[in-house]
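Coordinates in review
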Amino acid sequence: MKLFLKILNGVISAALVLAIALSAVVAIAARRSRDAVPDILGHKVLTVLSGSMEPTIHTGDVIIVKPLKNPAEEVKDGDIITFRTSEQANMLITHRVQGTVMVNKKPSAFATKGDANQSPDLAVVLPGQIVGRYQWRVPYFGYVSTFIRTPVGIALLVILPGVILIGLEFRKMWKALSEAEAAKAKANQGEGGDQESR
């Protein structure tokens, strides 16, 4: 049972450290990025805030989006793309391409729709609005990442584990000191007993 608890403790600690480290990397990447979208190893990292792409992408997932050099040529029907809305440049949407608008036999705009939505998006997406193409997702990590950045999250996932670790180290030191005192007392009793028998 002790071995199981030790392994469980190690796994939980490693998961917490990894979650905190990844959240810190994403936060730093967002601050350093020119467009305020976290960029890690040439890919954009985004948290999904709505369920418009269910069941392919879930609310709370973190998605990895690959920027495209020439969106007009690279985007095909069926691709999932992340794009800026024409109304708000800082608002990003990730939807599936339903069709391509051709002008002079060249792609000039894309019709999109969320998988969970009943109707397509009202406005078409121009190549210049496209941030990139969806690659893969990290299920529900967005919830963890968002929570870690709140005051309560910092307290629970950074400060509390630190206090617990310090407490455990003090406990180990106390136990070691107690054992040393007990061994010293036993040794003293043994010496006293030898003297009495003489």
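This write-up is about the structure you can find in this document. Predicted model, so just to flag it, every value in this text is computed and none were measured.

1. Description of the pairing of strand β6 (residues 106-113)
- When strand β5 (residues 92-103) meets β6, the two strands line up antiparallel, connected through seven bridges. Paired with Met 102 across the strands is Pro 107, a residue of β6.
- From the end of β5 to the start of β6, which pair antiparallel, there are two residues, and Asn 104 there has a positive phi angle of about 55 degrees.

2. Structural notes on the nonpolar core
- Val 37, Leu 46, Val 48, Met 53, Ile 57, Ile 63, Val 65, Ile 80 and Tyr 134 form the largest nonpolar core, which has nine residues in total.
- Beyond its immediate chain neighbours, meaning those up to four positions away, Tyr 134 contacts Ile 57, Ile 63, Ile 64, Val 65 and Ile 80.

3. Things to note about the pattern of salt bridges
- With the rule as written, the count across this model stands at four salt bridges.
- Note that Asp 79 is salt-bridged to Arg 133, the shortest N-O span being 3.2 Å. Of this pair, Asp 79 sits in the loop between α2 (71-74) and β4 (80-84) while Arg 133 is found in strand β7 (residues 130-138), placing the two residues 54 residues apart along the sequence.
- The closest approach of N and O atoms between Lys 172 and Glu 169, which form a salt bridge, is 3.6 Å. Here Lys 172 pairs with Glu 169, and both are found in helix α4 (residues 151-197), just three residues apart, close to one helical turn.
- Given a relative accessible area of 43%, Glu 169 falls into the partly exposed group.

4. Some remarks on a nonpolar patch on the surface
- Taken together, Phe 147, Val 152, Leu 156, Leu 160, Ile 164, Leu 165 and Leu 168 make up a surface patch of nonpolar side chains, about 600 Å² in accessible area.
- In terms of residues, the nonpolar patch owes the most to one element, α4, which gives six residues.
- Here Leu 156 shows up in helix α4.
- Residue class for Leu 156 comes out partly exposed when judged on its relative accessible area of 43%.

5. Concerning the side chain of His 95
- Within the secondary structure, His 95 sits in strand β5.
- Here the side chain of His 95 touches Asp 121 through a polar contact of 2.8 Å, side chain to side chain.

6. Quick notes on the pairing of strand β2 (residues 43-47)
- Summarising the sheet, strand β1 (residues 39-40) and β2 pair through two bridges and their orientation is antiparallel. Within the sheet, the bridge partner assigned to Asp 39 lies in β2 and is Lys 44.
- Alignment of β2 against strand β3 (residues 62-66), held across four bridges, turns out to be antiparallel. By the bridge assignment for β3, Lys 44 is matched with Val 65.

7. Examining the sheet that holds β4
- The sheet built from seven strands is open, its strands ordered β1-β2-β3-β7-β4-β5-β6 with antiparallel pairing. Each end of this open sheet is capped by a strand with a single partner; those strands are β1 and β6.

8. Here we look at unusual backbone geometry
- With omega at 0 degrees, the peptide bond leading from Glu 54 into Pro 55 counts as cis.
- Mapping Pro 55 onto the fold places it in the loop between β2 and β3.
- A positive phi angle, near 55 degrees, is found at Asn 104, a position not held by glycine.
- Tracing the backbone through its elements, the reader meets Asn 104 in the loop between β5 and β6.
- Located in the positive-phi region is Lys 105, a residue other than glycine, with phi close to 65 degrees.

9. Structural notes on the environment of Gln 118
- Tracing the backbone shows Gln 118 in the loop between β6 and β7.
- With relative accessibility at 78%, the residue Gln 118 sits in the exposed group.
- Separated by 66 residues in the primary sequence, Gln 118 and Ser 52 place their C-alpha atoms 9.7 Å from one another.

Calculation notes
- Residues numbered from 1 in each chain as written.
- Predicted model: local features only at pLDDT ≥ 70, side-chain atom pairs only at ≥ 80, totals over all residues.
- Heavy atoms only, no water.
- Pairing = 2+ DSSP bridges.
- Helix = DSSP H or I, 4+ residues; strand = E, 2+ residues; numbered from the N terminus.
- Core = buried A, V, L, I, M, F, W, Y, C linked by side-chain atoms within 4.5 Å.
- Buried < 20%, exposed > 50% of the residue type's maximum accessible area, 1.4 Å probe, protein only.
- Contact = heavy atoms within 4.5 Å.
- Salt bridge = Lys/Arg side-chain N within 4 Å of Asp/Glu carboxyl O.
- Patch = residues over 30% accessible without salt bridge, like charges linked within 9 Å, V, L, I, M, F, W, Y side chains within 5 Å.
- Areas by Shrake-Rupley, 256 points an atom, 1.4 Å probe, with all protein chains shown as cover.
- Polar contact = N/O pair within 3.5 Å; in protein donor to acceptor, adjacent residues only side chain to side chain.

Read these as geometric descriptors, not functional statements.
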